[in-house]
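# Tertiary structure, described
Residue-level listing of the chains:
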Amino acid sequence: MSAAAQRALHKAITSGSFDRAYLFYGENDFLKDAAARQIVDRAVDPGVRDFNVEIRRGADVDAEAMESLLGTPPMMADRRVVVLRDVGALKKPARAALDRYLDNPAPDAIIVLVSAATPGAPDKGLEARTTAVEFPILTEDRIPKWIAHHVNSELGGRITAGAATLLLEAIGTDLPQIVSELEKLMSYADGAEIDEAAVTAIVGIRHGETVADVLDAVAARDPVRAINLLPHVLTTAKTSAVSVVMALTTQMLALAWGRVLRDKGRSSSEVERAYFGLLKESNAMTGRPWGDAVRCWAQALDSWTSADLDHAIDALLMADVALKESRVSSDEQTLVTLILSICNPR
């Protein structure tokens, strides 16, 4: 979501002073649902929530039900909340009733319209009548900050930057799974700050033995270290041979692109800035926070020739096909062959 919309929504949830109608759109269903729950929790006292909170799906609401939902006053409370999921599924009569209401929404109700997870711009008619907030998929670069915010504001705890990054490397970008692990970590920490040792104890991943460390070793053309890390890395949650190949593919394509820029006379700092721009446009899987990836690529760039990188990309394609179509070798054996081929093409 845009920074301004994010700040405004956070301020409204913190203060309890909400706009009359919201439109949540974008590809991140998890964050849309979480924001809707936060509005309900902040706006309506638990004791009267059964009377003053309605959560429906667009396909299940006809015009008569829509008018009833929007026209019912709060009971034993100052306001009520209506959450309408998959608003795009409304039939025309129900949508017409919603539009009429949004032209003059009631002051004692908060309407939260949640669009289905689709990329692109929101419904223009709803956007014009509501406070629209976008919830895009979080990139790997943003997730450590989101983890820290969630632990602090939602769980009432603290987590170190290193622990947040380690958790990302262990779980990936699966926010529901990250939240589940954070709840376990909060219990394990028992009021103390969550650190890397806690993540190792609960999630089973150790600093220096992550996908990021495999990527660093390959970038440094150190196949022995990369291969020695594989047995442990492949046992961690959300990590598979396919995900390792995807992260390696992003890295080697980035190195190939950077090699072209360097050959054109671009400085290291210019290449780093170009990398950040590329990542913002592509949303590629880096296997770690963007800053760590960019630093690795920029430092390793001069160790690779264009021919080496062309060979690496061909080897990655062969490995991808082997993982999806062949069962002659194990996944680990396929990755060992791939890493040796990339690091020592001759």
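Look up a bit, the structure's there.
Scope of this entry: the structure provided in the associated data block. (Residues numbered from 1 in each chain as written. Predicted model: local features only at pLDDT ≥ 70, side-chain atom pairs only at ≥ 80, totals over all residues. Heavy atoms only, no water.)

## Some points on the overall build of the protein
Check the secondary structure of the protein and you find 17 helices and five strands. Scored against the burial criterion, the 346 residues of the protein give a buried share of 46%. Within the protein, contacts between residues at least 6 apart in sequence are counted, and of these 76% link residues at least 24 apart. Summed over all atoms, the accessible surface of the protein reaches about 16,900 Å², with 51% contributed by carbon and sulfur. Considering the protein, the positive charge centre built from 37 side chains and the negative charge centre built from 48 side chains are found 4 Å apart. (Helix = DSSP H or I, 4+ residues; strand = E, 2+ residues; numbered from the N terminus. Buried < 20%, exposed > 50% of the residue type's maximum accessible area, 1.4 Å probe, protein only. Contact = heavy atoms within 4.5 Å. Areas by Shrake-Rupley, 256 points an atom, 1.4 Å probe, with all protein chains shown as cover. Lys, Arg positive; Asp, Glu negative; His and termini not counted. Charge placed at Lys NZ, Arg CZ, Asp CG, Glu CD.)

## Considerations on the pattern of salt bridges
Throughout the structure, instances matching the rule amount to 19 salt bridges. Close ionic contact of Glu127 with Lys124 constitutes a salt bridge, the shortest N to O distance being 3.7 Å. Residue Glu127 and its partner Lys124 are located together in helix α6 (residues 124-129), separated by three residues, close to a single helical turn. Judged by relative accessible area, Glu127 falls into the partly exposed class, the value being 29%. Its salt-bridge partner being Asp292, residue Arg295 comes within 2.4 Å of it at the nearest N-O pair. Separated by three residues within a single helix, Arg295 and Asp292 lie in helix α15 (residues 290-300), roughly one turn from each other. Judged by its relative accessible area of 42%, Arg295 is partly exposed. (Salt bridge = Lys/Arg side-chain N within 4 Å of Asp/Glu carboxyl O.)

## Thoughts on the side chain of Glu169
With respect to the helices and strands, Glu169 occurs in helix α8 (residues 161-171). Not counting residues up to four positions away in its chain, the partners in contact with Glu169 are Ile205, Thr210, Ala212, Thr239, Gly287 and Arg288.

## Re the layout of surface pockets
Empty space within the largest pocket amounts to approximately 740 Å³. If you go around the largest pocket, you meet 25 residues; those closest to its centre are Gln6, Leu31, Gln38, Trp146 and His149. Mapped onto the lining of the largest pocket, the elements with two or more residues apiece are α1 (3-15), α2 (29-43) and α7 (143-154). Residue composition of the lining of the largest pocket, by class: twelve nonpolar, seven polar and six charged. In this structure, the second largest pocket occupies an estimated 320 Å³ of space. Taken together, 21 residues make up the lining of the second largest pocket; nearest its centre are Glu140, Gly172, Thr173, Met285 and Gly287. Contributing elements (two or more residues each) for the lining of the second largest pocket: α8 and α13 (241-263). In the lining of the second largest pocket, the residues fall into nine nonpolar, seven polar and five charged. (1 Å grid on protein atoms, 1.4 Å probe; cavity = no way out; pocket = protein on both sides within 12 Å on 5 of 7 lines; lining within 4 Å. Points joined across faces, edges and corners; volume = space filled by probe spheres on them. Nonpolar A, V, L, I, M, F, W, Y, C, P; charged D, E, K, R; others polar.)

## Some points on unusual backbone geometry
Of note in this structure, Met76 is not a glycine but carries a positive phi near 55 degrees. Within the secondary structure, Met76 sits in the loop between α4 (63-71) and β3 (80-85). A positive phi angle, close to 50 degrees, is found at Asp86, a residue other than glycine. By the element assignment, Asp86 lies in the loop between β3 and α5 (92-103).

## Let's talk about helix α10 (residues 196-203)
Among all positions of α10, only Ala198, Val199 and Val203 are buried. Here the buried residues of α10 occupy an arc of 100 degrees about the axis, which is enough to place them on one side. Those residues of α10 that are buried lie in contact with α8 and α9 (175-189). Where α10 starts, the residue carrying a side-chain oxygen 3.3 Å from the main-chain nitrogen of Ala197 turns out to be Asp195. At the exit of α10 stands Gly204, carrying a positive phi of roughly 85 degrees. (Arc of directions from axis to C-beta. Polar contact = N/O pair within 3.5 Å; in protein donor to acceptor, adjacent residues only side chain to side chain.)

## Some points on the sheet that holds strand β2 (residues 53-57)
Pairing within the open sheet is parallel, and its five strands lie in the order β2-β3-β4-β1-β5. In this open sheet, the two edge strands, each paired with only one partner strand, are β2 and β5 (131-134). On average, adjacent strands in this sheet sit at an angle of 15 degrees to one another, irrespective of strand direction. Examined bridge by bridge, β2 and β3 share five bridges and lie parallel to one another. Residue Ile55 lies in a different strand from β3, and its bridge partner there is Val83. (Pairing = 2+ DSSP bridges. Axes fitted to C-alpha atoms, helices over the stretch in contact; angles between N-to-C directions.)

## Quick notes on the state of the cysteines
As enumerated under the stated definition, the model contains zero disulfides in all. With no disulfide of its own, Cys343 lies 11 Å from the sulfur of Cys296, the closest cysteine sulfur. (Disulfide = S-S within 2.5 Å.)

## Let's talk about the packing of α4 against α5
What describes two packed helices is the angle between their axes and the distance between those same axes. The geometry of α4 relative to α5 is characterised by a closest axis approach of 7 Å and an angle of 25 degrees between their N-to-C directions. Regarding the angle of α4 to α5, the classification is roughly parallel. Crossing angle aside, the handedness with which α4 passes α5 is right-handed. Between α4, through Ala63, Met66, Glu67 and Leu70, and α5, the contact on the second element is made entirely by Pro93, Ala94, Ala97, Leu98, Arg100 and Tyr101. (Parallel < 35°, antiparallel > 145°, perpendicular 65-115°, else oblique. Left-handed = near helix turned anticlockwise from the far one by under 90°.)

## Describing the nonpolar core
Phe24 and Ile147 are the most contacted members of the largest nonpolar core, which has 47 residues in total. Per-element tally for this core: the top contributor is α8, with seven residues. Residue contacts for Phe24: discarding those within four places in its chain leaves Leu9, Lys32, Ala35, Ala36, Ile39, Val112, Leu113, Val114, Ser115, Val133 and Phe135. Ala256, Tyr275, Leu316 and Ala319 belong to the second largest nonpolar core, which has 44 residues in total. (Core = buried A, V, L, I, M, F, W, Y, C linked by side-chain atoms within 4.5 Å.)

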